[in-house]
Amino acid sequence: MLAKIIDGKKIAEEIKEEVKQKTLQLKSEKGITPGLAFILVGENPASQSYVKSKNKTCEEVGFYSITEKLPSSTTQQEVIQLIKKFNNNGKIHGILVQLPLPTHIDEQKIIEAIDYRKDVDGFHPINVGKLVIGQECLRPCTPAGIQELLMRSGVEISGKHVVVVGRSNIVGKPIANILMQKQKGANAVVTIAHTGAGDISFYTKQADILIAAIGKPKIITGAMIKPGAVVIDVGINRVDDLTAKNGYRIVGDVDFDSAVKVASLITPVPGGVGPMTIAMLMSNTLKAAQYV
Ligand code: GUN
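For the structure given in this document, a descriptive report is provided here. Remember, it's a predicted structure, so these values are computed and weren't measured experimentally. (Residues numbered from 1 in each chain as written. Predicted model: local features only at pLDDT ≥ 70, side-chain atom pairs only at ≥ 80, totals over all residues. Heavy atoms only, no water.)

Observations concerning the overall build of the chain
Broken down by element type, the chain carries 10 helices and 11 strands. At 19 Å, the chain has a C-alpha radius of gyration in line with the 19 Å of a compact globule built from 292 residues. Principal-axis analysis of the C-alpha atoms places the extent of the chain at approximately 55 × 45 × 35 Å. At a minimum sequence separation of 6, the contacts of the chain that also span at least 24 residues come to 69%. When the accessible area of the chain is evaluated, it comes to approximately 14000 Å², of which 54% is carbon and sulfur surface. (Helix = DSSP H or I, 4+ residues; strand = E, 2+ residues; numbered from the N terminus. Rg over C-alpha atoms; globule rule 2.2 N^0.38 Å. Contact = heavy atoms within 4.5 Å. Areas by Shrake-Rupley, 256 points an atom, 1.4 Å probe, with all protein chains shown as cover.)

Remarks on the packing of aromatic side chains
Considering all chains together, one arrives at 1 aromatic pair under this definition. On the basis of an interplanar angle of 90° and a centroid distance of 5.0 Å, the ring pair of phenylalanine 202 and tyrosine 203 is categorised as edge-to-face. Given the relative accessible area of 52%, phenylalanine 202 is considered exposed. On the basis of relative accessibility, which here comes to 29%, the residue tyrosine 203 falls in the partly exposed class. The ring of phenylalanine 86 has lysine 85 sitting right over it, with the charged end atom 5.7 Å from the ring centre. The ring centre of tyrosine 248 lies 4.1 Å from the NZ or CZ of arginine 238, which sits over that ring. (Phe/Tyr/Trp six-rings, centres within 6.5 Å; stacked < 30°, edge-to-face > 60°. Buried < 20%, exposed > 50% of the residue type's maximum accessible area, 1.4 Å probe, protein only. Lys NZ or Arg CZ within 6 Å of the ring centre and 35° of its normal.)

Description of empty space enclosed by the protein
Applying the stated criterion across every chain, the model contains 1 cavity of 30 Å³ or more. Approximately 60 Å³ is the volume found for the largest cavity. When grouped by side-chain class, the residues that make up the lining of the largest cavity number 6 nonpolar, no polar and 2 charged. (1 Å grid on protein atoms, 1.4 Å probe; cavity = no way out; pocket = protein on both sides within 12 Å on 5 of 7 lines; lining within 4 Å. Points joined across faces, edges and corners; volume = space filled by probe spheres on them. Nonpolar A, V, L, I, M, F, W, Y, C, P; charged D, E, K, R; others polar.)

Quick notes on the sheet that holds strand 6 (residues 189-193)
The 6 strands lie next to each other as 1-11-8-7-5-6, forming an open sheet whose pairing is parallel. Of all the strands in the sheet, just strand 1 (4-5) and strand 6 have a single pairing partner and so form its edges. Judged from the 4 bridges that link them, strand 7 (residues 209-212) and strand 8 (residues 230-233) form a sheet pairing that is parallel. Paired with isoleucine 209 across the bridge in strand 8 is valine 230. (Pairing = 2+ DSSP bridges.)

A closer look at the layout of surface pockets
Within this model, the second largest pocket holds a volume of roughly 560 Å³. Broken down by secondary-structure element, the contributors of at least two residues to the lining of the second largest pocket are helix 1 (8-30), helix 6 (141-152) and helix 10 (273-291). The element contributing the most residues to the lining of the second largest pocket is helix 10, with 6 residues. Residue classes in the lining of the second largest pocket are distributed as 9 nonpolar, 8 polar and 8 charged.

Focus: a nonpolar patch on the surface
A cluster of nonpolar side chains, contributed by Val128, Val132 and Ile133, occupies part of the molecular surface with about 260 Å² of accessible area. Tracing the backbone shows valine 128 in helix 5 (residues 125-132). Using a relative accessible area of 38% as the deciding quantity, one classes valine 128 as partly exposed. (Patch = residues over 30% accessible without salt bridge, like charges linked within 9 Å, V, L, I, M, F, W, Y side chains within 5 Å. Salt bridge = Lys/Arg side-chain N within 4 Å of Asp/Glu carboxyl O.)

A closer look at helix 6
The end-to-end C-alpha distance of helix 6 is 16 Å, a good match for the 16 Å that 12 residues give at a rise of 1.5 Å each. The element helix 6 is extensively covered by neighbouring structure, given that 10 of its 12 residues are classed as buried. Following helix 6 by one or two positions, glycine 154 has its phi on the positive side, about 75°. (Expected span 1.5 Å × (residues − 1).)

Quick look at the sheet that holds strand 2 (residues 35-41)
With parallel pairing, the 3 strands of this open sheet are ordered in space as 3-2-4. The open sheet has two free edges, formed respectively by strand 3 (64-70) and strand 4 (94-97), since each of these has just one partner strand. Between one strand and the next, the sheet's axes are offset by a mean angle of 15°, whatever the strand orientation. Strand direction decides the pairing type here: strand 2 and strand 4, joined by 4 bridges, are parallel. For alanine 37, the partnering residue across the bridge sits in strand 4 and is isoleucine 95. Sheet contacts for helix 2 (residues 45-61): strand 2, strand 3 and strand 4; angle to strand 2, the most-contacted strand, approximately 170°. With respect to the sheet, helix 10 is in contact with strand 2 and strand 4, its orientation differing from that of strand 2 by roughly 125°. (Axes fitted to C-alpha atoms, helices over the stretch in contact; angles between N-to-C directions.)

Regarding the environment of threonine 221
With respect to the helices and strands, the residue threonine 221 is situated in the loop between strand 7 and strand 8. Residues threonine 221 and serine 201 lie 20 residues apart in sequence; the distance between their C-alpha atoms is 9.3 Å. In this view, threonine 221 contacts Asp255 and Ser258; residues no more than four positions away in its chain are not counted.

By themselves, these are just geometric observations and shouldn't be taken as functional.
Printed below as a string of structure tokens:
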């Protein structure tokens, strides 16, 4: 039996439609248009393409958005000055500094310069702390999107064993914290496996819900998955493909062809978690605008 495929694109469209309707309501009832500012430093092609598609989505849901493109020679202080300007701009409810930043800029200092109420990435230590202690806050978009995917696909999370592979601040740590809370759509028993684990298959084979957020192409194979598990692939890896128009194609951290034969539900790459990240960014920006 082949696993059922979770259509992240379709679920993301549903969320965007909900955001669009609520935005119309916020405009008519309170005269507020959610505003999102993007800061892009340098010429990273993946970052440029992400910011472009985030901007397009803002337009679709009826947000105001502005993009500041800065050269890679921009100093840390200059980026902080720009952030402060947006912190004090009443038309802007969300500020997103696209990562990674050039190496001469300290990412953590940049994140901490953002007013936490406008931190639509959910990376500010105040939001991270609130997330850990189960308080209402802006939550990182990709993990929030994974929880939505699971809930909207009818996956029972409470009491299940979730194994997260990867401990990044953007995905691994926050998804573990979200799914372990004593809250709706959570209450799971969570294990985080990472490069310190030795044989990660010892852990992955025990997962009812396996979340792969490693950043290495196709390293989770079907043999590492418990039969009937739900598999969420967060990987976006560029691999060379001479038959492709641009010379590369995108693959996940999961070897889809072998995993689909073992899992009960699985997200594809592309079209799984990826579209959810942008949808949740819109949802976070709306939430930030509602705080005002
Ligand atoms: N770079 C890769 N993922 C992200 C993200 O979620 N937010 C930001 N700001 N930069 C990223």
